[in-house]
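Reading the structure
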Amino acid sequence: MQRTLLATALSLSALVALPTAQAATLVNTGEPNLSLASLSIDSVDWAADEVSFNTAVSIDSIQTYLVDDTPGETYTIALYKNLAGLPDTDSGALYTGQATFSGSNGWQGLTGLNWQVSAGSYWIGIESRATDTMTYGSLPVPVASGSGVIGAAFTPSIAGDYQASSAAQYAFGLQITGSTPAVPEPSSIALLLAGLSL
């Protein structure tokens, strides 16, 4: 009985000692250049940025730098797998969420997400779908090179029909936060195994 209690105590202490995932900024392009061009966001004009993750991540929030003139208009933020350098619209979005324009130009989007993705390249689409109301939104471009965006695409007047474009010219502002899985310390694993073997 005493050995069982000791084993249980050791196992529980090892579990408590296991590290937890840490929140981090996964992508931060910085503020886009507000004096140059912008991409329209409406029922037929959408835009997407390509990003890459080196490890599995849990996305907590996605923010974009958005300009509009109508508070309360809604739009969709979608996450797609990469398919031959474009958003994989054939398979559909992995995740979507509806956001609301706050009325103030600047960073806004979705928070409180739990979007799990493995390592690889993905596209973040800013879209005004049939269930959305955004008609005059715009995304100022470009952002600084080397900001975490590796590709850009937009829909030239056909909703969902993304075409590749130059990231240097058409990457929009994007901020993504999330966490990566924690890696347990070897001593924690050893303690857990020792406790289980008693």
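Residues numbered from 1 in each chain as written. Predicted model: local features only at pLDDT ≥ 70, side-chain atom pairs only at ≥ 80, totals over all residues. Heavy atoms only, no water.

**Considerations on the overall build of the protein**
Of the regular secondary structure elements, the protein holds 3 helices and 14 strands. Evaluated residue by residue, the protein yields a buried proportion of 40% over its 198 residues. Taking all contacts inside the protein whose residues are at least 6 apart in sequence as the whole, residues at least 24 apart take part in 85%. Looking at the protein as shown, the accessible area adds up to about 9800 Å², and 55% of this sits on carbon and sulfur atoms. (Helix = DSSP H or I, 4+ residues; strand = E, 2+ residues; numbered from the N terminus. Buried < 20%, exposed > 50% of the residue type's maximum accessible area, 1.4 Å probe, protein only. Contact = heavy atoms within 4.5 Å. Areas by Shrake-Rupley, 256 points an atom, 1.4 Å probe, with all protein chains shown as cover.)

**Considering the packing of aromatic side chains**
All chains considered together, the criterion is met by 6 aromatic pairs. An angle of 55 degrees between the planes, with centres 6.4 Å apart, marks the rings of tryptophan 46 and tyrosine 162 as tilted. On the criterion of sequence distance, the pair formed by tryptophan 46 in the loop between strand E2 (38-41) and strand E3 (47-53) and tyrosine 162 in the loop between strand E12 (151-154) and strand E13 (163-165) is long-range, its members being 116 residues apart. Classification of tryptophan 46 as buried rests on a relative accessible area of 9%. Aromatic side chains tyrosine 65 and tryptophan 107 sit 5.4 Å apart centroid to centroid with 90 degrees between the ring planes, which places their arrangement in the edge-to-face category. With a gap of 42 residues between them, tyrosine 65 in strand E4 (residues 57-66) and tryptophan 107 in strand E8 (residues 106-110) connect regions that are remote in the sequence. On the basis of relative accessibility, which here comes to 9%, the residue tyrosine 65 falls in the buried class. On the accessibility criterion, tryptophan 107 (27% relative accessible area) is partly exposed. Grouping aromatic residues by their ring pairs yields a cluster made of Trp46, Tyr80 and Tyr162. (Phe/Tyr/Trp six-rings, centres within 6.5 Å; stacked < 30°, edge-to-face > 60°.)

**Concerning the pairing of strand E14 (residues 174-180)**
Where strand E1 (residues 22-28) and E14 come together, 6 bridges link them in antiparallel fashion. Looking across to E14, one finds that alanine 23 is bridged to serine 179. Across 6 bridges, E4 lies against E14 in antiparallel orientation. Note on E14: the bridge partner recorded for isoleucine 59 is glycine 178. (Pairing = 2+ DSSP bridges.)

**Thoughts on the pattern of salt bridges**
All chains considered together, the criterion is met by 1 salt bridge. Close ionic contact of arginine 129 with glutamate 127 constitutes a salt bridge, the shortest N to O distance being 2.8 Å. Exposure remark for arginine 129: the relative accessible area of 27% places this residue in the partly exposed category. (Salt bridge = Lys/Arg side-chain N within 4 Å of Asp/Glu carboxyl O.)

**Overview of the confidence of the model for the protein**
Put simply, the protein has an average pLDDT of 86, and 81% of its residues get 70 or more. Throughout residues 4-18 the model reports pLDDT below 50, and contacts reaching past four residues in sequence, or to other chains, amount to 17 contacts. Note that pLDDT drops below 50 for residues 188-193; the model gives that stretch 10 contacts with residues more than four away or on any other chain. (pLDDT = per-residue confidence, 0-100.)

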